[in-house]
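# Secondary and tertiary structure notes
Each chain, letter by letter, is given below.
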Amino acid sequence: MLEIRELHASIGDKEILRGVNLTVKPGEVHAIMGPNGSGKSTLSSVIAGREEYQVTSGDVLWDGKSILELAPEERAHLGLFLGFQYPVEIPGVSVSNFVKTALNAVRAARGEEALDASSMLKKMREALQLLEMDKGFLSRSLNEGFSGGEKKRNEIFQMAMLEPRLAILDETDSGLDIDALRIVAQGVNGLRSAKASFVVITHYQRLLDYIIPDVVHVLLNGRIVKVGDKSLAYALEERGYDWIKKEVE
Amino acid sequence: MNDRLSAQYWLHEKELTAYSSDAVRDRRRRAMELFEAKGFPSQRDEDWKYSSLKPVLSPHYALNSPCAALEDEHLEYADIKRFLVNELDAYRVVFLNGRYTSWLSDTTHQGFDVCTLSSAWKKYPETIERYFAQLTEDLGPLAQLNTALAWDGIYVVVPDNVVVDRPIQLLSFTSGAEPRAIQVRNLVVLGVNSQVEIIERHQSLSDQPTWTNSVDEAYLAEGAQLRWVKLQHDGPLASMTQHTRIQQDRSSRSQVHTISTGGRFIRNNLDIVLNGPGAEARMLGLTLGKGKQLVDHHTLVDHRAPNCISHENYKGIYDEGSKGVFNGRIYVHREAQKTDAYQQNANLVLHQTAEVNAKPQLEIFADDVRCSHGCTVGQLDEDALFYLRARGIREPEARAMLMLAFAEDALAGIDHPSLNAKLHKLIAGKLGVDLTLDL
């Protein structure tokens with residue numbers, strides 16, 4: 001469903017992605033690992049349509065069609081979701097109204113009717129339950145004053161509400177304690193299905209103890225340099241990235 | 001223009017002062033003489049540096065007797081209905097071209113006075129003598145001009161321990177086939193522990209330039225509470241200059257919202273004088289500028305007594321071509337120990353042709369105080385915008401959501417759902433936002 005072909009992208013004069021190839025099929029879970037500055041977050045931003053990055057060559061295909069010309073919201077309408085590494089605080093917009101507006105915007109773009117109030121509420125309750133979150137959460141201002149763990153749970157909550165076909169989780173595990181990590185993983189696993197795919201971007205193997213990936217990619221200097229199964233993640237955890245760097249050289 | 005205004009006064013002084021004591025007449029005279037000596041402020045005056053009155057003063061305004069009714073002009077309920085907060089059960093005081101319109105109004109003298117200044121000259125000369133123009137002596141030429149020519153506006157006098165049961169809607173309309181300049185003068189006197197709420201709106205119904213020059217004097221005795229919403233959503237040819245001065249005794253509270261979303265030229269001076277210990281003031285402002293609009297806010301909080309609190313939050317969103325000024329002065333006297341003063345002014349500038357001049361001015365002469373201020377001028381947060389769009393919210397809606405969220409806290413403290421809804425509707429309309437979008 002997602003196919004990235006020889007993707008080159010830069011910000012200003014600096015080239016960050018230098019030929020990325022990645023194919024994700026329905027139902028698959030992919031992990032992208034790599035040291036700081038390897039281009040992990042750039043990759044997720046480019047897929048989601050962030051305008052600061054220029055794609056200089058290559059392509060990103062969704063069901064075989066390029067999405068590079070699409071606005072971020074149009075990509076979301078297709079069923080793409082980006083879980084942010086640093087969710088933005090927006091005072092004055094409540095979680096519930098934000099999610100409601102987003103879900104109905106996506107539904108409208110697909111020609112579906114807005115969800116009625118009671119169905120919306122029911123859906124929110126289910127998602128909250130999955131993430132062991134309190135109802136009071138819904139009336140709080142979006143991410144304002146949230147702890148790191150609450151912000152990340154809020155991302156997964158939104159994902160549960162929007163039911164994307166492909167979710168990219170950008171370092172969702174960073175800054176989480178072990179309980180929060182378990183809950184976030186529980187949220188993701190609860191949404192796994194034959195149709196939903198995930199790309200989990202992470203520094204560390206520990207999230208992958210909970211979310212078992214089908215494929216592990218290593219991103220280094222803007223290129224995917226190694227592909228393997230989950231045992232690759234363990235190897236990285238044990239030995240670090242240096243041996244791969246040497247291998248590449 | 002100066003001479004014509006001067007003539008307007010001297011020609012009609014007799015009518016204006018027919019029921020007043022010599023002392024009140026002398027206050028008017030002195031005010032006129034001050035205006036004649038100083039003339040209109042120019043951009044050489046520090047307080048008017050960014051705002052030129054030229055476009056306000058250039059039309060040839062009809063200047064009739066300030067007191068006589070204009071027979072050729074008439075208002076029907078249908079004309080004004082859309083400018084009211086209809087769902088709100090309120091006293092209503094309606095003016096047309098600076099004169100009271102009784103058949104559209106609902107005033108009272110039962111238990112307290114909610115009526116008009118034009119009737120009070122004759123009916124309550126003692127109260128007039130005690131309060132009229134006592135707070136405005138030191139103000140600038142526009143306020144002096146108003147003092148000289150003042151004839152009508154609301155007159156609200158509330159005895160001790162009385163809570164006015166309904167809000168007061170003050171509506172002042174301008175109309176007519178020629179450019180019109182009017183004076184509006186409001187007097188509010190609140191007794192000990194009394195309460196009142198005012199919703200004020202000025203509206204031009206004419207396709208000619210109009211200029212409303214308004215002055216408010218409000219006296220709050222110990223424990224009194226005043227809430228005032230000033231809605232400035234006038235048409236593109238309407239100008240408004242306004243000076244509001246509120247004097248507060250011990251433990252009194254004021255809350256003033258200034259919502260400036262329309263009009264061509266707006267200059268607001270809001271002065272709060274905290275005279276008694278423990279008095280509190282909240283000043284909130286929301287400005288939405290677009291096109292050739294200029295909105296200039298000058299605020300002053302004069303902390304003269306200890307343990308007072310002032311909280312000020314002004315927000316501005318300026319789109320193409322518009323200009324804004326915020327000058328927020330806080331003066332803390334040596335006696336005003338334990339003052340808690342907070343001032344926040346945040347502005348969004350959406351277009352390269354928009355301009356904001358912001359100047360916080362804190363003068364503190366007491367040593368044990370808590371004073372803080374913040375001022376920001378920026379654009380919509382691109383990260384926030386991307387966040388909303390990445391969730392499927394289209395760019396125009398995402399922008400609107402962020403602007404409404406930005407504006408929201410300037411509306412805090414407006415408790416009437418119908419008024420709140422009306423304000424949101426006006427704001428949404430001005431921002432070009434779909435109303436079905438809720439926050």
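Residues numbered from 1 in each chain as written. Chains lettered and ligands numbered in written order. Predicted model: local features only at pLDDT ≥ 70, side-chain atom pairs only at ≥ 80, totals over all residues. Heavy atoms only, no water.

### Digging into the overall build of chain A
A count of helices and strands for chain A gives 8 helices and 12 strands. A globule of 249 residues ought to have a C-alpha radius of gyration of about 18 Å, and chain A, at 18 Å, matches this closely. Referenced to the eigenvectors of the C-alpha coordinate spread, the extents of chain A come out at roughly 60 × 40 × 35 Å. Considering chain A as a whole, with its 249 residues, one finds that 55% of them fall into the buried category. For chain A, long-range pairs separated by at least 24 residues make up 68% of all intrachain contacts whose partners lie at least 6 apart in sequence. Summing over all exposed atoms, chain A offers an accessible surface of approximately 10900 Å²; the carbon and sulfur share of this is 47%. Taken as two groups, the 30 positive and 36 negative side-chain charges of chain A have centres that lie 2 Å from each other. (Helix = DSSP H or I, 4+ residues; strand = E, 2+ residues; numbered from the N terminus. Rg over C-alpha atoms; globule rule 2.2 N^0.38 Å. Buried < 20%, exposed > 50% of the residue type's maximum accessible area, 1.4 Å probe, protein only. Contact = heavy atoms within 4.5 Å. Areas by Shrake-Rupley, 256 points an atom, 1.4 Å probe, with all protein chains shown as cover. Lys, Arg positive; Asp, Glu negative; His and termini not counted. Charge placed at Lys NZ, Arg CZ, Asp CG, Glu CD.)

### With respect to the environment of D116 of chain A
Within the secondary structure, D116 of chain A sits in the loop between α3 (95–109) and α4 (117–130). Expressed as a C-alpha distance, the spacing of D116 of chain A and P35 of chain A, which sit 81 residues apart in the sequence, is 45 Å.

### Considerations on the domain arrangement of chain B
Often, the extent of an interface is quoted as the loss of accessible area upon association of its parts. Residues and elements named next belong to chain B. Here chain B is partitioned into domain 1 (2–275) and domain 2 (387–439). Listed by partner, the interface residues are 18 residues for domain 1 and 13 residues for domain 2. Across the interface of domain 1 and domain 2, roughly 1300 Å² is buried in total on both sides, 66% from carbon and sulfur atoms. Summed over the shared surface of domain 1 and domain 2, the result is 1 salt bridge. The partner of R227 in a salt bridge is D415, and the shortest N-O contact between them spans 2.8 Å. Counting across the domain 1 and domain 2 interface gives 8 residue pairs in polar contact (both at pLDDT 80 or more). (Domains from an automatic or database assignment. Buried area = accessible area lost by both parts, 1.4 Å probe. Salt bridge = Lys/Arg side-chain N within 4 Å of Asp/Glu carboxyl O. Polar contact = N/O pair within 3.5 Å; in protein donor to acceptor, adjacent residues only side chain to side chain.)

### Section: the pattern of salt bridges
A side chain with one charge can pair with a side chain of the opposite charge if their charged atoms come near. Scanning the model with the defined rule gives 36 salt bridges over all chains in all. The salt bridge involving R5 of chain A is made with E3 of chain A; its shortest N-O contact spans 3.0 Å. Across the pair R50 of chain A and E52 of chain A runs a salt bridge whose closest N-O atoms are separated by 3.0 Å. Judged by relative accessible area, which is 13%, R50 of chain A ranks as buried. Ionic contacts of the salt-bridge type, sharing partners, join the residues E51 and E73 of chain A together with R389, E395 and R399 of chain B into one network.

### Some points on the interface of chain B and chain A
Counting residues at the interface gives 20 residues for chain B and 33 residues for chain A. Between chain B and chain A lies a buried interface of about 2200 Å² when both sides are counted; carbon and sulfur atoms form 63% of it. Looking at the side of chain B facing chain A, the largest losses of area belong to F386, Y387 and R391 of chain B, adding up to 37% of the total buried there. For the interface between chain B and chain A, the tally reads 4 salt bridges. Ionic pairing is found between E51 of chain A and R389 of chain B, a salt bridge with its closest N-O pair at 3.4 Å. Scanning the region where chain B abuts chain A turns up 11 residue pairs in polar contact (both at pLDDT 80 or more). Elements represented by at least two residues in the side of chain B that touches chain A include exactly α8 (382–390) and α9 (395–408) of chain B. Sort the elements by how many residues they give to the side of chain B that touches chain A and α8 of chain B lands first, with 8 residues. The class makeup of the residues in the side of chain B that touches chain A is 11 nonpolar, 1 polar and 8 charged. (Nonpolar A, V, L, I, M, F, W, Y, C, P; charged D, E, K, R; others polar.)

### Let's talk about helix α1 (residues 40–48) of chain A
Residue pairs three or four apart in sequence face the same way in an α-helix, which turns once every 3.6 residues. The buried count for α1 of chain A comes to 8 of 9 residues, which makes it a mostly enclosed element. The complete set of buried residues in α1 of chain A reads K40, T42, L43, S44, S45, V46, I47 and A48 of chain A.

### Quick look at the nonpolar core
Nonpolar side chains in soluble globular proteins generally cluster together in the buried interior. Judged by nonpolar contacts, the single largest core of 116 residues is most densely connected at I4, I90, F98, F157 and L166 of chain A. Here this core takes 8 residues from α9 of chain B, the largest share from any one element. Mapped onto the domain boundaries, this core takes at least three residues apiece from domain 1 (2–275) and domain 2 (387–439) of chain B. Formed by 39 residues, the second largest nonpolar core is a distinct cluster that contains M32, W151, V157 and W211 of chain B. (Core = buried A, V, L, I, M, F, W, Y, C linked by side-chain atoms within 4.5 Å.)

### Describing the sheet that holds strand β11 (residues 215–220) of chain A
Residues and elements named next belong to chain A. Taken in spatial order, the 6 strands make up an open sheet running β6-β9-β10-β3-β11-β12, and their pairing is mixed. One side of each edge strand has no neighbouring strand; the edge strands of this open sheet are β6 (80–83) and β12 (223–228). For this sheet, the mean inter-axis angle between neighbouring strands, taken without regard to orientation, is 20°. Relative to β12, β11 is paired through 5 bridges, and the arrangement is antiparallel. When the sheet's bridge partners are listed, V216 is paired in β12 with G228. Where helix α7 (residues 230–239) meets the sheet, it contacts β3 (29–33), β11 and β12, and its direction lies at approximately 45° from that of β11. (Pairing = 2+ DSSP bridges. Axes fitted to C-alpha atoms, helices over the stretch in contact; angles between N-to-C directions.)

### Structural notes on the state of the cysteines
All names here are of chain B. Under the counting rule described, the total for this entry stands at 0 disulfides over all chains. The structure places no disulfide on C371, whose sulfur is separated from the nearest cysteine sulfur, that of C308, by 12 Å. The class for C371 is partly exposed, based on a relative accessible area of 24%. (Disulfide = S-S within 2.5 Å.)

### Regarding the packing of aromatic side chains
Residue and element names in this part refer to chain B. Per the counting criterion, the structure on display carries 18 aromatic pairs over all chains. Geometrically, the ring pair formed by Y91 and F112 is edge-to-face, given 6.0 Å between the ring centres and 85° between the ring planes. On the criterion of sequence distance, the pair formed by Y91 in strand β1 (residues 91–96) and F112 in the loop between β2 (99–100) and β3 (113–116) is long-range, its members being 21 residues apart. Exposure class is identical for Y91 and F112. Each is buried. Between Y124 and Y155 the ring centres are 5.1 Å apart and the planes differ by 5°, which places this aromatic pair in the stacked class. Residue Y124 is located in the loop between α5 (117–123) and α6 (125–131), and its partner Y155 is located in strand β4 (residues 154–158); the two are separated by 31 residues in the primary sequence. A residue is classified by how much of its surface remains accessible, and Y155, at 1% relative accessible area, is buried. Against the face of W121 rests R28, its NZ or CZ located 4.6 Å from the ring centre. Above the plane of the ring of F406 lies K315, whose end atom (NZ or CZ) is 4.5 Å from the centre. (Phe/Tyr/Trp six-rings, centres within 6.5 Å; stacked < 30°, edge-to-face > 60°. Lys NZ or Arg CZ within 6 Å of the ring centre and 35° of its normal.)

### Thoughts on the packing of helix α2 (residues 22–38) of chain B against helix α7 (residues 141–149) of chain B
Each packed pair of helices is defined by two parameters, the angle between the axes and the distance between the axes. All names here are of chain B. Where α2 contacts α7, the two axes come as close as 8 Å, and the packing angle between them is 140°. Considering their axes alone, α2 and α7 lie oblique with respect to each other. Where α2 crosses over α7, the two elements pack in a sense that is left-handed. Contact residues: R27, R28, A31, M32, L34, F35 and K38 in α2; P141, Q144, L145, T147, A148 and L149 in α7. Residue classes in the contact of α2 with α7 are distributed as 8 nonpolar, 2 polar and 3 charged. (Parallel < 35°, antiparallel > 145°, perpendicular 65-115°, else oblique. Left-handed = near helix turned anticlockwise from the far one by under 90°.)

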